[in-house]
Amino acid sequence: MKLSVIGCGYLGAVHAAAMASIGHEVVGIDVDRRKIAALSGGEAPFFEPGLPEILADGIASGRLTFTTDMAAAAGAAVHFIAVGTPQQKDGNAADLTFVNAAVDALLPHLRPGDVVAGKSTVPVGTSADLAPRIEATGATLVWNPEFLREGWALQDTIDPDRIVVGVASGAAGERAADVLREVYHPAVARSIPFLVTDRPTAELVKVAANAFLATKISFINAMAEIAEVTGADVTQLADAIGHDARIGRRFLGAGIGFGGGCLPKDIRAFSARAEELGRGESVAFLREVDAINLRRRERAVQLVVAALGGTVFEKRVTVLGAAFKPHSDDIRDSPGLDVATQLRGLGALVTVTDPAAIDNARRTHPQLGFVTDRDEALTGADAVIVVTEWDEYRRELSPAHAAGLVAGRIVVDGRNCLDAAAWRAAGWEYYGMGRP
Ligand code: UDX
């Protein structure tokens with residue numbers, strides 16, 4: 001099938017390349033010339049395992065092209081809207097400027113029978129606002145949310161847990177759902193659940209899923225706060241409750257909490273939308289979820305301060321990690337960089353290292369010190385804090401080796417990812433999050 005993907009950021013670039021890899025002819029369109037030049041040359045503008053390979057394959061096969069010219073969308077059977085919906089600068093709601101601009105630019109190129117598939121994460125009700133303009137051209141609007149995780153984006157796109165397509169009732173909606181079944185034919189053939197809903201439900205599925213995940217993380221972080229005043233160990237607690245299949249162990253990792261380009265902004269936008277709908281109280285708990293999450297960053301800072309005897313002033317603190325999570329170079333709302341910034345604000349001499357995210361972090365946090373080499377970053381440190389659970393720190397960093405580099409054997413494990421016993425055995429003072 002011929003497909004267009006409008007917006008070539010994380011979501012769009014991955015979607016375009018993944019759709020070409022399953023045999024479609026795809027044009028990716030974006031207003032950012034530099035991004036399009038990079039993608040056309042087979043270069044991924046961000047770190048995502050496997051993406052460079054499928055970009056190169058797609059381009060070599062001739063099935064994948066990128067352009068800034070919206071006219072290239074003409075003739076595609078399905079147009080995916082994959083632009084960003086960031087948090088508004090002066091509020092919590094989602095900024096729909098890019099969605100509206102993409103739809104306006106696309107309108108002149110739509111033909112009767114085309115399907116426009118919204119993938120961006122939007123406030124519930126957005127498709128009802130967009131539909132009249134799109135459907136006046138004879139095209140059909142569906143909402144097809146995306147659940148991809150950074151670092152696993154290709155797998156999540158090609159082999160998702162489920163596919164959700166929200167359609168308007170009636171023949172055009174049913175036909176559009178069939179068109180999307182054809183787009184995702186390999187997954188449909190493998191019997192991956194394909195759920196056809198109405199459009200508001202599809203919009204809500206995405207924000208509800210992210211709100212649930214954020215709540216799960218903040219729940220265990222709240223338990224960490226209780227553990228801290230009772231001597232309990234939150235990781236054992238998570239293991240024990242996680243054995244209950246109704247609860248499940250995943251996303252019960254206590255630590256410095258969630259960040260990234262999705263969970264924080266999505267829960268805030270959800271609260272803002274619920275307020276607009278007169279149902280603010282229904283998701284009032286999301287404000288607590290956000291507050292717990294932000295408190296854990298402060299807690300990590302307090303642990304470093306306490307471990308260093310009550311002040312970090314002119315103490316050398318090495319921060320292991322900058323990305324908001326491993327397998328990513330994304331530093332948007334990175335809890336670790338926030339911790340690093342807070343420590344610097346208290347007068348610490350902060351050195352940050354990360355296997356992938358240093359270039360991005362340096363651009364947004366020029367006040368912090370950055371060192372590419374892990375061992376160089378550790379050398380002479382008075383305290384070390386792990387903020388991103390990269391394998392480079394979790395598995396590959398031997399506590400005995402690290403002990404030989406630092407000036408003070410103090411380690412704060414902001415992700416509860418280190419083997420506490422092994423670090424203590426190597427002479428370290430080990431502090432976890434919600435662990436004795
Ligand atoms: C998330 C959703 O998982 C995905 O389905 C959606 O499409 C986009 O938002 P992503 O932002 O890539 O994906 O990251 P995710 O893996 O969900 O992690 C989010 C944050 O939560 C990270 O900062 C991570 O470190 C943190 N986290 C995750 C925890 O603190 N504890 C956990 O147990 C799990």
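Enquirer: In this structure, what is going on with the side chain of Thr121? I would like to understand it.
Expert: Looking at the secondary structure, you find Thr121 in the loop between strand S5 (115-118) and helix H5 (126-135). Given a relative accessible area of 14%, Thr121 falls into the buried group. At 3.1 Å, the side chain of Thr121 and the side chain of Lys206 are in polar contact. Discounting chain neighbours no more than four positions away, the residues touching Thr121 are Thr85, Lys206, Val207, Lys265 and Asp266.

Enquirer: When you look at the site of the ligand in this model, what are you seeing that I'm missing?
Expert: Close contacts around the ligand come from 20 residues, with Phe147, Leu148, Glu150, Gly253 and Lys325 the closest. Between the ligand and Phe147 there is a distance of 2.9 Å, counted from an oxygen atom to a backbone nitrogen or oxygen. Arg415 is positioned such that a nitrogen or oxygen atom in its side chain is 3.3 Å from an oxygen atom of the ligand. The fraction of the free accessible surface of the ligand (670 Å²) that becomes covered by protein chains is 90%. The biggest single contributor to the shell around the ligand is helix H9 (residues 199-230), with four residues. Across the shell around the ligand, the residue classes break down as ten nonpolar, four polar and six charged.

Enquirer: Just checking my understanding: could you explain helix H11 (residues 263-276) for this structure?
Expert: Because an α-helix packs 3.6 residues into every turn, residues spaced three or four apart end up facing the same way. Relative to the 20 Å expected for 14 residues at 1.5 Å per residue, H11 spans 20 Å between its end C-alpha atoms, a close match to the ideal helical length. Of all 14 residues making up H11, eleven are buried, and the element is well covered by its neighbours. Among the residues of H11, those classed as buried are Leu263, Pro264, Lys265, Asp266, Ile267, Arg268, Ala269, Phe270, Ser271, Ala272 and Ala274. Tucked into the core, H11 has its buried residues touching H9 and helix H12 (285-307). In the stretch just after H11, Gly278 is the one whose phi turns positive, near 75°.

Enquirer: Looking at this structure, how should I read the nonpolar core?
Expert: One recurring pattern in soluble globular proteins: nonpolar side chains tend to sit buried together. Counting residues in each nonpolar core, the largest one holds 51 residues, and the members touching the most others are Val304, Leu343, Val352, Ile385 and Trp428. The element contributing the most residues to this core is H12, with six residues. Once residues lying within four places of it in the same chain are set aside, the contact partners of Trp428 are Val384, Pro399, Ala402, Ala403, Val406, Gly408, Arg409, Ile410, Val411 and Trp423. Judged by nonpolar contacts, the second largest core, of 43 residues, contains Val5, Tyr10, Val142 and Leu180.

Enquirer: For this particular structure, what's the right way to read the packing of aromatic side chains?
Expert: Each aromatic ring pair is summarised here by two numbers: the centre-to-centre distance and the angle between the ring planes. Tallied over the entire structure, the rule returns three aromatic pairs. Seen in terms of ring centroids, Tyr10 and Phe46 are 4.2 Å apart; in terms of plane orientation they differ by 15°. Their pairing is stacked. In this pair, Tyr10 is assigned in helix H1 (residues 10-21) and Phe46 in the loop between helix H2 (33-40) and helix H3 (51-61), connecting sequence segments 36 residues apart. For the pair shown, Tyr10 and Phe46 are each scored as buried.

Enquirer: Can you help me understand the pattern of salt bridges in this one?
Expert: Close approach of charged atoms allows side chains with opposite charge to pair. Overall, the coordinates contain 28 salt bridges when judged by the stated rule. Where Glu276 meets Arg273, a salt bridge forms, and the shortest distance between an N and an O atom there is 2.6 Å. Of this pair, Glu276 and Arg273 both sit in helix H11, three residues apart, which is roughly one turn of the helix. Its salt-bridge partner being Arg287, residue Glu275 comes within 3.4 Å of it at the nearest N-O pair.

Enquirer: Would you take a moment to explain the domain arrangement of the protein for this structure?
Expert: You'll often see interface size given as the accessible area lost when the parts meet. Domain annotation of the protein identifies domain 1 (2-192) and domain 2 (233-436). Interface area for domain 1 against domain 2, summed over the two sides, is near 1300 Å², with a carbon-plus-sulfur share of 55%. At the junction of domain 1 and domain 2, the tally comes to one salt bridge. Taken together, the connections running from domain 1 to domain 2 amount to eight residue pairs in polar contact (both at pLDDT 80 or more). Taken together, the residues that form the side of domain 1 that touches domain 2 break down as nine nonpolar, six polar and two charged.

About the thresholds
- Residues numbered from 1 in each chain as written.
- Predicted model: local features only at pLDDT ≥ 70, side-chain atom pairs only at ≥ 80, totals over all residues.
- Heavy atoms only, no water.
- Helix = DSSP H or I, 4+ residues; strand = E, 2+ residues; numbered from the N terminus.
- Buried < 20%, exposed > 50% of the residue type's maximum accessible area, 1.4 Å probe, protein only.
- Polar contact = N/O pair within 3.5 Å; in protein donor to acceptor, adjacent residues only side chain to side chain.
- Contact = heavy atoms within 4.5 Å.
- Near = heavy atom within 4 Å.
- Areas by Shrake-Rupley, 256 points an atom, 1.4 Å probe, with all protein chains shown as cover.
- Nonpolar A, V, L, I, M, F, W, Y, C, P; charged D, E, K, R; others polar.
- Expected span 1.5 Å × (residues − 1).
- Core = buried A, V, L, I, M, F, W, Y, C linked by side-chain atoms within 4.5 Å.
- Phe/Tyr/Trp six-rings, centres within 6.5 Å; stacked < 30°, edge-to-face > 60°.
- Salt bridge = Lys/Arg side-chain N within 4 Å of Asp/Glu carboxyl O.
- Domains from an automatic or database assignment.
- Buried area = accessible area lost by both parts, 1.4 Å probe.

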